[in-house]
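# Descriptive structure summary
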Amino acid sequence: MAKGTPMNFIHLLEKMSEPLGFGLRGGGGGNGDALTYFYYKDQSMMNQMLNSESMRRTVQMMQRRMTQVKEEGKINIDMVAMEMPKEMPNLRLISELCPKSSNFCYFQPKHRQAFVILKTIFESQRNPDEVFTMAGACRDSPMINSQLFVYALCSCLVTRRDTKHIPIPNHFEVMPDCYCTTDVVRQATKMASMPEMPNGSPENKMPILVDQNFVGRGTDPEHRLWYFREDILVNSHHFHWHIVFPICSPKVEGQPGYRDRRGELFYYMHHGMIARYDAERLCNNLPRARMFDFNSLMLEEGYFGKLSSENSGMQWGTRQAFTKLTNVQTIVGDGPLGIRVEELTRWRDRILESIDIGYYIKQEGNGTEKRVKLTGFNGIDVLGDIVESAESLTPHPQYYGRIGFHNMGHVLIAGSHDPSGKHREGLGVMGDVSTAMRDPAFYRWHKYLDHIFDLYKQTLPEYELDKGDFPLVWKGVEVVPQSFYVKAEDSPDKNMLRTFWNTKEVDLSRGLDFRRTGMAAMKKSPVVGMFTHLDHPRFDYYLKIANKTGKPTAATIRIFMAPREDENGDKFGLDEQRKLFFEMDKVSKQLQPGENEIRISSAESSVTLRDDNGSTFEKLERLFRNAKNQQDVVEEGQCNCGWPQHLLLPRGSPGGTPYDLFVIVTDGSQDKVPNLDRKNGCNSALSFCGILNEKYPDARPMGYPFDRNPYKREVMQPLDIADPCAAASMQVPVGSIEDYVSNIKNSAVVQVSIRHDRMMMKKEADMGQQVITPDGNCVTLGDYYGTSQRPGRQPLPTQNTNTGSQRPQRPNVRPWPQSPPSGRNQWQGVGGGARKGRDYDPDEGWEYLNGDHY
Ligand code: CUO
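This report concerns the structure included in the present document. Position labels on residues start from 1 in each chain and follow its written sequence. It should be noted that, the model being predicted, local features are given only for residues of pLDDT at least 70 and side-chain atom pairs only at 80 or more, the latter also being counted only at that level, while totals for whole chains, interfaces and linings use all residues. The side-chain values count all of the structure's non-hydrogen atoms but skip hydrogen atoms and water molecules.

Here, a salt bridge means any side-chain nitrogen of Lys or Arg that lies within 4 Å of a carboxyl oxygen of Asp or Glu. Applying the stated rule across the entire model yields 51 salt bridges. The partner of Glu 130 in a salt bridge is Arg 126, with the nearest N and O atoms 2.5 Å apart. A salt bridge links Glu 364 to Lys 362; its shortest N-O distance comes to 3.6 Å. Judged by its relative accessible area of 26%, Glu 364 falls in the partly exposed class. One continuous salt-bridge network, built from bridges that share partners, spans Arg 558, Lys 586, Asp 671, Asp 698 and Arg 700. Think of it in three bands: with a 1.4 Å probe and only protein chains considered, a residue is buried below 20% of the maximum accessible area for its type, exposed above 50%, and partly exposed in between.

What follows is the structure, given as structure tokens:
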């Protein structure tokens, strides 16, 4: 029987820190579904996989028990035998490069080498069954780091043509320890070890509150952005993107894993993150992010993530504010590294020089070098590879850096808190793609990279109205004046959008190592975490497009948004604002002659995940169980790539923040990419993720038209101050977005207001929901957030004094049992009361700290 099934592959990604033989996997597909138990087919394999006698005994005990349970028919169990591959490679080198218990760092050169080797081993198998057998043997091997295994297997699955249809589960379910603070992980482990209450008891499903706000206090203004930086889906999107577009992608078209316009997409996807972050900062009364300063080398913001790695057992490194970047000599567990700031600076200078002279240096196969023009359509793609990047992609590893300029910045920042390794501290969160976006330093570093890309873009000619590269005006097609607007589903008003807080529940039990044995191994209910996140009601864009060409024609509708006002409340000039425009949607439409009424739903945005919960284990298991054929599974392929739908809009502010919403309609026949198979795979988040193993589905430069300077127009300028009559016509860039669209009839702009609703949760009922705090208390959500009187309605106090907080007391706090009950009504607890010393007001970044008002 085939073993390389989608279901078996995703089971390999469950409970990564325990061997396969320790327990059951799966069971999310519905009542009566089979759970899966993987067992070693023979003793010699077990001996190779498990180097401890106690582990072997545990596995033997579990195997006997599972066989017995299956025979008794109490639980439906699929028994899958694990075999050694016919040719098992020597994994020692991988183990030396990335020891099993170290904290895997995607950007660290040695770890990356280990990643490439392991991924290549998986990719070189002949069919999915062989990949599964090899992956099964590597997964439990004492040589293989489990974080590394997840990266290598996921990246292989999306690369191989015969496995690319297999959807990858959410990384926050695979590795919850990268997304949940240590106290949450500890509480989840406690709850998992308790037997279940009788069927149907609500206690079984009571979620643990995952309070991302916990990472800092409102006394730090940067903490206002916690909901963006700590968002689980933002971080898992970042992980997934880097898995689909790994550093080791081949550069030759046609090779497995080749990614069309990969370097450009690196620029564009990260540019979108930075633009969104700046939009978020401005509406939180914070200045736009400043780029990393190569003169001072200072990281002005600190970061204390409170994350620990299950695999290494270490805390992720933390960093004090005003830490200066310095050479990273060694990383605990990985030996000497010797990464030098001076090299980073040298590579930076070479990149900037290449941009200035318009040529880059390419190393030929025979070791010679040549200068190649860095211009035109492909220039940004090459530059993206140079900036990011690694040996396989960069045109000259020695000249631009074997490690990659961008990657080296990540490692230097991740190691900046203990650069000599004398404190034996683990790497900081900047070392991994699933955690990097939590750190404010990420935005400084990527803002610098974005600046480099923009310097290059400024060397290119502007898009002109009706000539040159990709002219802006599409003759015969117009957006009908005043027809463009946006409207939320719950609002009668046009161009008024709203954001609020919402919660999302995530199954933590698939990823954490609960070591369930005995009865607890049969536990059915998941251990659920509840995250708070920004959200908005769905909205639609409306516009009318007049097609005066007299025939049906294909069009692309491109929608962007940007903050309208700067830090001082002044309206942005287009020269600055163009860098802040972030893509909201890109849609292909067939226009009929005459007037076409268009309505576009925000729920199907080209930048967001199609399903905002991503590919949960449970959802995938249900999909695989119910799939009649492979095509049903194919539909889900790559759907985990994409910006979270719930963060499509910036937060706005309680009084409303103005944004400019821009649309341009371009000629679909010129946007079309030849030989593109759009039917293949999941068409979600095309703008940021493309189509797996296909051409990028847009012929224009990414970010068009705001990736280049605005077009110029003719104005009369005085030539001589002494003679005001002496004037001449001069070309100057258009100054505002309104001026910009005034000459492009196939475009329009409207002003939109985004109001942030202080109401805590989308549904009042949510505020009454019982949750368990990470320190083990059972409370209602309303009590936890201090709004118990009228859930979700009562504004939080706006001032506080040292003599007494106005914040409502938290009634009804009762301890969650810390020990298993001996009978149904004998739950007992020793909880220590609700958390003290912090309160929750995400609106203004205020925090009420033991009576002190910030
Ligand atoms: Cu995505 Cu620096 O590339 O993190």
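Disulfides are defined as pairs of cysteine sulfur atoms found within 2.5 Å of each other. This model, assessed by the stated rule, comprises one disulfide. Each sulfur of the disulfide joining Cys 641 and Cys 689 lies 2.1 Å from the other. One quick way to see it: the torsion about the S-S bond of Cys 641 and Cys 689 is about -85 degrees, and its sign makes the bridge left-handed. One end of the pair, Cys 641, is in the loop between α20 (630–634) and β18 (657–667); the other, Cys 689, is in helix α22 (residues 686–689), and 48 residues separate them in sequence. As far as burial versus exposure is concerned, Cys 641 and Cys 689 are alike and both buried. The cysteine Cys 105 is free of any disulfide, with Cys 98 supplying the nearest cysteine sulfur at 9.3 Å. Taking relative accessible area as the criterion, Cys 105 reaches 0% and is therefore assigned buried. Only DSSP runs of H or I with at least four residues qualify as helices, and only runs of E with at least two residues qualify as strands; both kinds are numbered from the N terminus onward.

So, about the packing of helix α5 (residues 109–123) against helix α7 (residues 146–159). Fitted lines through C-alpha atoms give the axes, limited to the stretch in contact for helices. The angle between two N-to-C directions lies from 0 to 180 degrees. Between α5 and α7, the least distance of the axes is 9 Å, while the angle of their chain directions is 45 degrees. Taken together, α5 and α7 sit at an angle that is classed as oblique. Every pair of crossing elements has a handedness; the one defined by α5 and α7 is right-handed. Taking contact as the criterion, the partners of His 111, Ala 114, Phe 115, Leu 118, Lys 119, Phe 122 and Glu 123 in α5 are, on α7, Leu 148, Phe 149, Tyr 151, Ala 152, Leu 153, Ser 155, Cys 156 and Thr 159. In this classification, the charged set is Asp, Glu, Lys and Arg, the nonpolar set is Ala, Val, Leu, Ile, Met, Phe, Trp, Tyr, Cys and Pro, and all remaining amino acids, among them Gly, are polar. Looking at the contact of α5 with α7, its residues break down into ten nonpolar, three polar and two charged. Should an angle lie under 35 degrees it is considered roughly parallel, over 145 roughly antiparallel, and from 65 to 115 roughly perpendicular; all remaining angles are considered oblique. Two helices that cross are described as forming a left-handed crossing if the nearer one is turned anticlockwise from the farther one by less than a right angle, and a right-handed crossing if clockwise. What makes two residues a contact is simply this: any of their non-hydrogen atoms within 4.5 Å.

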